[in-house]
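Observations on the model geometry
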Amino acid sequence: MKRTIETIEGDTTGVSYSIPVYSFAGKNADEAPSAYLQAGLHADELPGPAALHFFLEMLKEAEAENRILGKITVVPHANPIGANQFHFGKMEGRFHLGTRDNFNRAHPHLATPDAALLNEDESAMSADKKLKWRLAKLSLGHDIILDLHCDDESLNYVYIAEELWPQTQDLASCLEADAVLLWSGDADQPFESAVLAPYLGPDYKNVLAEKLVVSTLELRGQRDVDLTTAHMDARRLFRFLVARGVIEADVGQKHPADYKGTVVPLINIDMLEAPVPGVILYHVEPGSEVEEGQPLVTLLQEPGNPEKDVTLNAPQAGLILTRRSHRYTRSGDALLKLLGTKPSKTGKGSILES
């Protein structure tokens, strides 16, 4: 294993940021698939960094056993800028405080997978933009690219582009994902769509069909950070790289079965929004199966005056995927994600939220 440090200059004199990067050369790197895994792009989403911590231990053991076939690059915590942003004692890891941009938006979209297209001069870039360019350089050229995130309170789910489904169902199966959300054509340029963009031209149809895997993994909720869960996620990631031939399999190891979980396009997602501010009382939790018209949440707009209570019902039947971790909402805030059995009437779920 090789450990290197990527350094990003900050926006003010004397400030810089360091990103540890771990790499494994692989004994058959010219032929075996390669893999890139990163976590913590939203710096306060920590299930991914915890999982990659133990995943690296597994890779070191596999390296000692001469089982690593393809090149592997791991960035356990990809965003030291966000990790350094504390506002009134709470880490603000989702948005860069200097530019107010989401760290998982406006990543560079390339016309082709050519590293020369990333040779733009970084000197005039803000620190968060430099970070996005650097992560693009690190990930470019790998066959498997996984970006580890999490939600507020959530099931274990993954985003996969429609162009890569169903040939990537082994990823969902190995991760034992509760749901797969299929997306296409996201305009906000999150890391996942930026990574996929160079391969969408006609010259790369075979790459898309045969070996490319690009996915955002939502590893449950922000509080799901513990030894047991981190070890489990590390083993599942390792299992997927074995299934894809990046790591040599143990004797008798079986290929993952076809994925049997929930698969929905983004247009089937209903994002329930608060019509009034108030205290949030949920009737359901992630994993609940609901029927159309079933009460999902009650908002206490004026505690002590039940006439002001507002109860929101399910717009359609489906599965509760996520809900917010806070218990007071402003008007207009999203409260939960419902994976519906048909397209949403509001169209609010067609946005990639990671």
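Residues numbered from 1 in each chain as written. Predicted model: local features only at pLDDT ≥ 70, side-chain atom pairs only at ≥ 80, totals over all residues. Heavy atoms only, no water.

On to the overall build of the protein chain, then. Counting secondary structure elements, the protein chain contains seven helices and 20 strands. A compact globule built from 354 residues would reach a C-alpha radius of gyration of about 20 Å, and the protein chain, at 21 Å, matches this within 12%. With the principal axes as the frame, the protein chain shows a C-alpha extent of 70 × 55 × 45 Å. Going through the 354 residues of the protein chain one by one, you find that 52% of them count as buried. Summarising the internal contacts of the protein chain: among those between residues at least 6 apart in sequence, 72% fall at separations of at least 24. Of the roughly 16,100 Å² of accessible surface on the protein chain, a fraction of 49% belongs to carbon and sulfur atoms. Distance between charge centres in the protein chain, computed from 34 positive and 51 negative side chains, equals 1 Å. (Helix = DSSP H or I, 4+ residues; strand = E, 2+ residues; numbered from the N terminus. Rg over C-alpha atoms; globule rule 2.2 N^0.38 Å. Buried < 20%, exposed > 50% of the residue type's maximum accessible area, 1.4 Å probe, protein only. Contact = heavy atoms within 4.5 Å. Areas by Shrake-Rupley, 256 points an atom, 1.4 Å probe, with all protein chains shown as cover. Lys, Arg positive; Asp, Glu negative; His and termini not counted. Charge placed at Lys NZ, Arg CZ, Asp CG, Glu CD.)

Below, the discussion takes up the sheet that holds strand β14 (residues 278-282). Strand pairing within a sheet occurs via backbone hydrogen bonds; the two strands may be parallel or antiparallel. Taken together, four strands build an open sheet; the order of strands is β17-β16-β14-β19 and the sheet is antiparallel. Here the strands that pair on one side only, and so sit at the sheet edges, are β17 (310-313) and β19 (328-329). (Pairing = 2+ DSSP bridges.)

Here we come to the packing of helix α1 (residues 47-64) against helix α7 (residues 227-243). Relative to each other, α1 and α7 sit at 50°, their axes nearing to 8 Å. Overall, the two elements α1 and α7 adopt an arrangement that is oblique. α1 and α7 meet at a crossing whose hand is right-handed. Note on element contacts: α7 touches α1 through Leu227, Ala230, His231, Asp233, Ala234, Arg235, Leu237, Phe238 and Leu241, opposite Ala50, Ala51, Leu52, Phe54, Phe55, Met58, Leu59 and Ala62. (Axes fitted to C-alpha atoms, helices over the stretch in contact; angles between N-to-C directions. Parallel < 35°, antiparallel > 145°, perpendicular 65-115°, else oblique. Left-handed = near helix turned anticlockwise from the far one by under 90°.)

Time to look at the pairing of strand β1 (residues 2-9). Direction of pairing for β1 relative to strand β2 (residues 16-24): antiparallel, over a ladder of eight bridges. Bridged to Thr7 within β2 is Ser18. Following β1, the chain reverses through six residues before pairing antiparallel with β2; Gly14 in that reversal takes a positive phi of roughly 85°.

Another aspect to go through is the nonpolar core. The nonpolar side chains of a soluble globular protein tend to be buried, and buried together. Phe55, Leu59, Ile72, Leu146 and Leu241 are the most contacted members of the largest nonpolar core, which totals 79 residues. Every residue in contact with Phe55, bar those within four places of it in the chain, is listed here: Leu37, Val74, Ala234, Leu237, Phe238 and Leu241. Residues Val276, Ile280, Leu299 and Ala314 belong to the second largest nonpolar core, which totals 17 residues. (Core = buried A, V, L, I, M, F, W, Y, C linked by side-chain atoms within 4.5 Å.)

This part takes up the pattern of salt bridges. This structure, assessed with the given rule, holds 19 salt bridges. Here Arg134 ties to Glu6 by a salt bridge, and the two come within 3.0 Å at their closest N and O atoms. Linking Arg134 in helix α3 (residues 127-139) with Glu6 in strand β1, this pair joins segments that are 128 residues apart in sequence. What makes Arg134 buried here is its relative accessible area of 14%. (Salt bridge = Lys/Arg side-chain N within 4 Å of Asp/Glu carboxyl O.)

Our next topic: unusual backbone geometry. Backbone torsion omega between Trp165 and Pro166 reads 10°, so that peptide bond is classified as cis. Position of Pro166 relative to the elements: it lies in the loop between β9 (156-161) and α4 (169-175). Although it is not a glycine, Ala106 adopts a positive phi angle of roughly 60°. Positive phi values are uncommon outside glycine, yet Arg220 reaches one of about 65°. The residue Arg220 is located in strand β11 (residues 213-221) in this model.

The next subject is the pairing of strand β3 (residues 35-39). Of all the five residues making up β3, five are buried; the element is thus mostly covered by neighbouring parts of the structure. On β3, burial covers both faces: Ala35, Leu37 and Ala39 on one face and Tyr36 and Gln38 on the other are all buried. As defined by bridge partners, β3 adjoins strand β4 (residues 72-75) across four bridges and the pair is classed as parallel. Residue Tyr36 lies in a different strand from β4, and its bridge partner there is Thr73. Running through α1, the crossover from β3 to the neighbouring parallel element β4 is right-handed. Judged from the five bridges that link them, β3 and strand β7 (residues 144-151) form a sheet pairing that is parallel. (Right-handed = clockwise from strand over helix to strand, strands pointing away.)

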